[in-house]
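What follows is the residue order along each chain.
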Amino acid sequence: MKKKFFAVAALAFALAFAVSASAFSASDFGSTTLKRGSTGQSVMNLQTQLNVCDAANLTVDGSFGRGTQSAVIAFQTSKGLTADGLAGNATKAALAACGTTSSTSTTTTTTTTGSTALCPNGMTLASNCMTSPTATAPAQSLCPNGMTLASNCAAAPATSGSTASGISGSLTNVNSISGFSGLTLTAGQTDQKVLGAQFTATGSDMKIDRITVDFKRNSTTGYYQLSQYINSVDIWNDTTKLASIPVSAASDITTTSPDTFEFNIGGLNYDVPVGTTGHLYVAVNVNASIDNGYASGNAWTASIPANGLRAIEPDGYTSTYPGSTPLATSTFTVNNLSSSGNVQLRASINANNPLSYGQQVNSSTGNTDNVKLLAFDMYAKPGSDVTVRKFPITLAVSGAASSVDSVINNLTLSNGSSSYTANVGDNSSFVTNGDCSGTNTSCTVLFGADSGVLNWTIPAGTTQTWTVSASVKPISGSFAEGDSVVAGVPALFAGGVPAAGLDVQDSVGNPINTSGSLTGGATGNSVGFYVNGITVTAAGQTATISQQAQSQTHQNGNFTLSFTVNALNSSIYIPKSVSNASPSTGGHVYYQLKNGVTAVDSAALTSSISSTTILSSDTNTDFFVSAGSSRTFTVNVGLNNNVVATGAFQSGSF
């Protein structure tokens, strides 16, 4: 065994002395760091010097590939340098120094300390080094396991027909994908891409095996966990989710403020065929609810740090990208839904809101139920469902009534599928802003203020029509015929605050309470109450104006107004004549058509009245409406050759 050792040592020295020395200065290796993928004369000089200094047996082809990288690592190890495979200034200086004589270079191939021969990594030659006896591959120093001595027995030698320094495969054109920085994310969003990287497989197919992602909070004050904003991180290629990892798996790598959290996500197995460009995206899943107290820490920077991508070549060799600087960086902000601008509740009057009308009520006993006071629309912006927990309705009475509760017994709020009734009596739990009794002729009734809440949900992007109806008390005491009530929805946000008592939430339970997220209101029309006489309600109207040119002063048109008359406790007659003359003259249905604010000259008008029904009790001059019944009429008004100032006609109305 000892004889074999000396034979090997002698052969190693014989080969070393056969190498001719060629001295290089550090500048001969170029001014930039040489690494995988580098090419050119500087690489050729590097390969030549590695062969001289470390018996690397590299083919001098000017291509910095796997074999050249292994040789650099072996040389760096033998010289006590950082073994990173990058030929920087220190490595170049060491190579230049070792190449001054051929005898000096031989000491880096094998070293004998006493009777023990050492490998470049300091391990014993006897344990893992021998000279290749084969003629099919270039002469190389091999370990017993068939690996090269230059790689410290870690890399296989080149086979016949290939070279140790040729580029087997690498990622090139490694760059970030633009368009993600400055994003604003909202609570509850999933798979929101915040970062992207692209790269090209060169020389061979490449498999992306691992990615490292850092999240750093932008503010330097306070301490905030990433888990207060997002719950997991996903890695995607163009079509497929490759991995998902919870925030709890991140490492807190914060050394000084601000807070920084790092994810090492392996097992991607993303194959990028040679010559094609691959893409990786970092996506986050935002918590369903974000505490308002974390608002000052909601801005973050995501990045793929230096060496944050690991790729595997077909032969199993791995390499990392990019070099010493981060690959990609982008910023994003996480907000509550309510502060994102994507959530809004808007109230507005509905087209079918009752016009001012008279309502028949009882004279002494018994309430009159289901008296419609108000119809309004509730719209939720597409960004989120809106849940209404508590909702205020205002009431105001006019006339002789001393208080709201002398007229109204209770209110019912309905959204079309659910209804909620609130008592407005003295000390009612539904009443705010002063109760509705005593001498209070106005008050606010808060639906949902008792032991339960409404919990009515308006789906995102939809409109619901809500109505308010009342149970009206009989006319007695201070409540007299002709008294009226107006119901309304207060401005949802006014004076810097939401409406008193209003309680609404977004789809994740956060309160909606800002000016941008609460808008609008609705005010109904006056509804009067009577025992005798008639009530009149509008049933529809149309208006058509014709004018040949804006400069002309003659106009023609047609107007219709339909209305329903209800006779209360006695029968009545409605005149069959209609006129724009003053109603004090009696004997006709009065109307008025105005040009802007000026009444139209009666000489330009023709008019008529008709009924949808014909009764035998009608007379030549009047329509008959029996007690307790109703009848609908239509007034038609024609506008004929009306003379006006140029372009002055604005609108027609009754």
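Residues numbered from 1 in each chain as written. Predicted model: local features only at pLDDT ≥ 70, side-chain atom pairs only at ≥ 80, totals over all residues. Heavy atoms only, no water.

A. Main features of the layout of surface pockets. The volume enclosed by the largest pocket comes to roughly 580 Å³. Contributing to the lining of the largest pocket are 22 residues, with Lys 35, Leu 86, Thr 320, Tyr 321 and Gly 323 lying nearest its centre. By residue number, the principal contributor to the lining of the largest pocket is strand 5 (residues 170-176), which donates five residues. Broken down by class, the residue content of the lining of the largest pocket amounts to seven nonpolar, twelve polar and three charged. (1 Å grid on protein atoms, 1.4 Å probe; cavity = no way out; pocket = protein on both sides within 12 Å on 5 of 7 lines; lining within 4 Å. Points joined across faces, edges and corners; volume = space filled by probe spheres on them. Helix = DSSP H or I, 4+ residues; strand = E, 2+ residues; numbered from the N terminus. Nonpolar A, V, L, I, M, F, W, Y, C, P; charged D, E, K, R; others polar.)

B. View of helix 3 (residues 66-78). With 13 residues, helix 3 extends 19 Å from end C-alpha to end C-alpha; this agrees with the ideal 18 Å at 1.5 Å per step. A large share of helix 3 lies buried, amounting to ten of its 13 residues. Packing partners of the buried residues in helix 3 comprise helix 2 (41-54) and helix 4 (89-98). (Expected span 1.5 Å × (residues − 1). Buried < 20%, exposed > 50% of the residue type's maximum accessible area, 1.4 Å probe, protein only. Contact = heavy atoms within 4.5 Å.)

C. Representation of the nonpolar core in the model. One finds Phe 376, Phe 391 and Leu 411 to be the most contacted residues of the largest nonpolar core, which totals 53 residues. Apart from residues lying up to four places away in sequence, Leu 411 is in contact with Leu 373, Ile 393, Leu 395, Tyr 420, Thr 421, Ala 422, Val 424, Val 445, Phe 447, Val 468, Ser 469 and Ala 470. (Core = buried A, V, L, I, M, F, W, Y, C linked by side-chain atoms within 4.5 Å.)

D. Highlighting the pairing of strand 28 (residues 484-489). Within strand 28, five of the six residues are buried, which leaves it mostly tucked inside the rest of the structure. Where strand 28 lies against strand 34 (residues 527-530), two bridges are found, and the strand directions are antiparallel. The partner of Ser 484 across the bridge, within strand 34, is Gly 528. Two strands pair when backbone bridges link them, and strand 28 and strand 33 (residues 522-523) are joined in this way by two bridges, in the antiparallel orientation. Across the sheet, Val 489 pairs through a bridge with Ala 522, a residue of strand 33. (Pairing = 2+ DSSP bridges.)

E. The state of the cysteines, seen in detail. Applying the stated criterion to the full structure yields two disulfides. The disulfide that involves Cys 53 links it to Cys 98, with 1.6 Å between the sulfurs. Judged by the sign of its S-S torsion, about 90 degrees, the bond between Cys 53 and Cys 98 is right-handed. One end of the pair, Cys 53, is in helix 2; the other, Cys 98, is in helix 4, with 45 residues separating them in the sequence. By the burial criterion, Cys 53 is buried, and Cys 98 matches it. (Disulfide = S-S within 2.5 Å.)

F. Spatial organisation of the packing of aromatic side chains. For the structure shown, the criterion picks out 16 aromatic pairs. A ring pair is formed by Phe 180 and Tyr 281, whose centres lie 6.0 Å apart and whose planes are at 70 degrees; its orientation type is edge-to-face. Placement of Phe 180 in the loop between strand 5 and strand 6 (183-186) and of Tyr 281 in strand 13 (residues 277-286) is noted, with a sequence separation of 101 residues between them. Given a relative accessible area of 12%, Tyr 281 falls into the buried group. (Phe/Tyr/Trp six-rings, centres within 6.5 Å; stacked < 30°, edge-to-face > 60°.)

G. Expanded view of the pattern of salt bridges. A complete count under the given rule lists seven salt bridges for this structure. For Lys 241, the salt bridge is made with Asp 191, and the minimal N-O distance between the two is 3.9 Å. On the criterion of sequence distance, the pair formed by Lys 241 in strand 10 (residues 241-246) and Asp 191 in the loop between strand 6 and strand 7 (192-202) is long-range, its members being 50 residues apart. Under the relative-accessibility criterion, Lys 241 is labelled partly exposed at 39%. A relative accessible area of 27% means that Asp 191 is categorised as partly exposed. Arg 631 is the salt-bridge partner of Asp 618, the closest N and O atoms lying 2.7 Å from each other. (Salt bridge = Lys/Arg side-chain N within 4 Å of Asp/Glu carboxyl O.)

H. Broad picture of the confidence of the model for the protein. Here the protein averages 78 in pLDDT, while 75% of its residues score no lower than 70. Here residues 1-22 scores under 50 on pLDDT; set against residues more than four positions off or in separate chains, the count is 18 contacts. Predicted confidence for residues 645-654 stays below pLDDT 50, and this span has 33 contacts to residues more than four positions away or in other chains. (pLDDT = per-residue confidence, 0-100.)

I. Spatial organisation of the environment of Ala 491. With respect to the element layout, Ala 491 can be found in the loop between strand 28 and strand 29 (493-494). Between the C-alpha atoms of Ala 491 and Thr 523, which are 32 residues apart in sequence, the distance is 9.5 Å. Dropping the residues within four chain positions of it, Ala 491 is found in contact with Ala 499, Gly 520 and Gly 521.

J. The sheet that holds strand 5, seen in detail. One open sheet holds the five strands; their spatial order is 5-7-13-9-10, and the pairing between them is antiparallel. Strands at the two margins of the open sheet, each flanked by one partner only, are strand 5 and strand 10. Adjacent strand axes in the sheet meet at a mean angle of 20 degrees, parallel and antiparallel pairs treated alike. Pairing of strand 7 with strand 13, which is carried by eight bridges, proceeds in the antiparallel orientation. Directly across from Gln 198, in strand 13, lies its bridge partner His 279. (Axes fitted to C-alpha atoms, helices over the stretch in contact; angles between N-to-C directions.)

K. Region of the structure containing the sheet that holds strand 18 (residues 345-349). What the six strands build is an open sheet, ordered 23-22-27-20-18-32; its pairing is mixed. On the outer flanks of this sheet lie strand 23 (419-423) and strand 32 (518-520), each paired with one strand and no other. Within this sheet the neighbouring strands show an average axis-to-axis angle of 25 degrees, counted without direction. Summarising the sheet, strand 18 and strand 32 pair through three bridges and their orientation is parallel. From the neighbouring strand, Ala 347 faces strand 32, where its bridge partner is Gly 520.

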